[in-house]
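Take a look at the letters that make up each chain.
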Amino acid sequence: MVRLFLTLSPAISRFNLYPGISILARNNNSLRLQKHHKLKTKTPTFSLISPSSSPNFQRTRFYSTGTRISSLPYSENPNFDDNLVVLGIETSCDDTAAAVVRGNGEILSQVISSQAELLVQYGGVAPKQAEEAHSRVIDKVVQDALDKANLTEKDLSAVAVTIGPGLSLCLRVGVRKARRVAGNFSLPIVGVHHMEAHALVARLVEQELSFPFMALLISGGHNLLVLAHKLGQYTQLGTTVDDAIGEAFDKTAKWLGLDMHRSGGPAVEELALEGDAKSVKFNVPMKYHKDCNFSYAGLKTQVRLAIEAKEIDAKCPVSSATNEDRRNRADIAASFQRVAVLHLEEKCERAIDWALELEPSIKHMVISGGVASNKYVRLRLNNIVENKNLKLVCPPPSLCTDNGVMVAWTGLEHFRVGRYDPPPPATEPEDYVYDLRPRWPLGEEYAKGRSEARSMRTARIHPSLTSIIRADSLQQQTQT
Ligand code: KG4
Ligand code: ZN
């Protein structure tokens, strides 16, 4: 009997097959791996890049139903969902997060330890300091998540963890912890794409949201417009050619002398409420590019120049500014926010048209990632989406910014269709090389939207999640 796993193996994406494992229901409503034969825990050896290189490469679909029913799709098994319980771990940037989520979407716990002090001290994320901060709190964050869920590791069905994209040093802390938990308790492990998790958490929130759908994912490091065809399969309609919108919010906040304890975005949003959004003339980026790509580096420069022109001193906190100085800052914040969001609006409108050409049955547009917690962003994009006769799905702010729930949920989605790794060994050597994917595209680029500026920067990029999953599906088709 052979099984399929999406592995967390070293260096590159690999698929592997392990004999004799099935999942049996337990009386405490969780599911665990049951080993029929000796479980192979060595590093997988079949590369997904050339899966046919293995003479033993065969596949059998695998559904967890208490007994194995390979012909019954997951969606037709009503009991499956409720029984799964997954721990999700997220450390890709500056938040250490863990959560426990049940297969039916019930959030049993959610814990986040943020690095606000470091953010204030360094004015941004410093990888080494962020890694140390993750390492200090990871054990406690995971323990708290289990305690709040009233569970122990033994009750879990699997562990999900972000393996990319993100900062390698930070990703490593989460992956090491996830493998330790999984190894000690013989749990399967699911490697999660951070941006897919931002998109899919909307499916936990909105039960009606089925594939295909559109998503705008806006965070500190990403500005992505994607068409989600299926689980793990995305077409990238647009991305940023330089900075993401969250980075522009963060720099604007820093240069305006705002309180960065909750990150820059919320501070700019709050101050913008006091300002006149039409008072400072900023140009909307890439107005004449008839594509769905973004650029925020130029807008950042426009903001910096406006701040210099008004002689605003970032070292003087806005709380101590004179009335006139405060009004100047508020005007810049409001004007920046308006233009930053106009750029999103223009590109979203075009992307929806493109997406409907490709998948006319789309009914929803998801907006997620940290910047999607901004009320002005939500309001403006809701108008665009409604004009195109789609429904906007925007997770609540606590699920838009980085969190463990989105990782646990995405882990669940992949786990239930049989994409996961077997339990790692209980002890791993200190020098074990983890499969981390700091630069990992989500989808395949849509030819119409390809950007020259972007294609220059392809060094050390991992094959996209979509290409990995497509290769797997192709392989399955040729096997059956
Ligand atoms: O998704 P996220 O939590 O982490 C990354 O994956 O980057 O996004 C963080 C970004 C930061 O740039 C932060 O300033 C921005 O989201 N953000 C906001 C708001 N809340 C968070 N930007 C604008 N308005 C907000 N209310
Ligand atoms: Zn994020």
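Cut-offs and rules
- Every chain's residues receive numbers from 1 upward, in the order its sequence appears when written.
- The naming scheme follows written order: chains are lettered A onward, ligands numbered 1 onward.
- The predicted origin of the model limits local features to residues at a pLDDT of at least 70 and limits the giving and counting of side-chain atom pairs to 80 or more, whereas totals for whole chains, interfaces and linings rest on all residues.
- Calculation of side-chain values draws on the structure's entire complement of heavy atoms; hydrogens and water are dropped beforehand.
- UniProt positions are given in the numbering used here, feature names are shortened, and annotations may be inferred rather than shown by experiment.
- Axis geometry follows a simple rule: fit a line to the C-alpha atoms, using only the stretch in contact for helices, then measure angles between N-to-C directions, giving values from 0 to 180 degrees.
- Here a helix means four or more residues in a row that DSSP labels H or I, a strand means two or more in a row labelled E, and each is numbered from the N terminus.
- An angle below 35 degrees is treated as roughly parallel, one above 145 as roughly antiparallel, one from 65 to 115 as roughly perpendicular, and anything else as oblique.
- Should the near helix be turned anticlockwise from the far one by less than a right angle, the crossing is left-handed, and should it be turned clockwise, the crossing is right-handed.
- Any two residues having at least one pair of non-hydrogen atoms within 4.5 Å are treated as being in contact.
- Any carboxyl oxygen of Asp or Glu that lies within 4 Å of a side-chain nitrogen of Lys or Arg is treated as forming a salt bridge with it.
- Here the term buried applies to any residue with accessible area under 20% of the maximum for its type, exposed to any over 50%, and partly exposed to those in between, with areas from a 1.4 Å probe on protein chains only.
- Paired strands, as defined in this entry, are two strands with at least two bridges between them according to DSSP.
- Looking down the strands as they point away from you, a crossover is right-handed if its path from the first strand over the helix to the second goes clockwise.

The protein carries the name Glycoprotease 1 in an unreviewed UniProt entry, which gives Arabidopsis thaliana x Arabidopsis arenosa as its organism. Its UniProt record gives the protein the following Subcellular location (unreviewed entry) comment, quoted word for word: "Mitochondrion". Looking at the protein in UniProt, the text filed under Subunit (unreviewed entry) is "Homodimer."

Engineer: Give a description of the packing of helix 8 (residues 297–309) against helix 9 (residues 323–358) that names residues and reports values.
Structural biologist: Put simply, helix 8 and helix 9 touch, their axes get as near as 11 Å, and they point 165° apart. In terms of orientation, helix 8 and helix 9 fall into the roughly antiparallel class. In terms of crossing hand, the pair formed by helix 8 and helix 9 is right-handed. Between helix 8, through Leu299, Val303, Ala306 and Ile307, and helix 9, the contact on the second element is made entirely by Ile332, Phe336, Val339 and Ala340.

Engineer: An account of the pattern of salt bridges is needed here, citing residue identities and associated values.
Structural biologist: Across all of its chains, the model carries 23 salt bridges by this definition. Salt-bridge contacts for glutamate 247 lead to lysine 300; the nearest nitrogen and oxygen are separated by 2.8 Å. Taken together, the residues glutamate 247 in helix 6 (residues 245–255) and lysine 300 in helix 8 connect sequence positions 53 residues apart. As far as the burial class goes, glutamate 247 and lysine 300 line up, both buried. One salt bridge connects glutamate 308 with arginine 304, and the closest N-O pair in it is separated by 3.1 Å. With glutamate 308 and arginine 304 both in helix 8 and four residues apart, the pair spans about one turn of that helix. Judged by its relative accessible area of 48%, glutamate 308 is partly exposed. For arginine 304, a relative accessible area of 33% puts it in the partly exposed group. Through salt bridges with shared partners, one network takes in Asp243, Glu247, Lys251 and Lys300.

Engineer: For the pairing of strand 13 (residues 364–368), give the residues involved together with the corresponding values.
Structural biologist: Most of strand 13 is tucked away, with five of its five residues classed as buried. Along strand 13, one buried face is formed by His364, Val366 and Ser368 and the opposite face, lined by Met365 and Ile367, is buried too. By the bridge criterion, four bridges tie strand 10 (residues 213–218) to strand 13 in an arrangement that is parallel. Across the sheet, the residue bridging to alanine 215 is valine 366, located in strand 13. Sheet analysis places strand 13 next to strand 14 (residues 391–393), joined by three bridges and oriented parallel. Its bridge partner being in strand 14, methionine 365 is matched across the sheet by leucine 392. The handedness of the strand 13 to strand 14 crossover, carried by helix 10 (residues 375–387), is right-handed.

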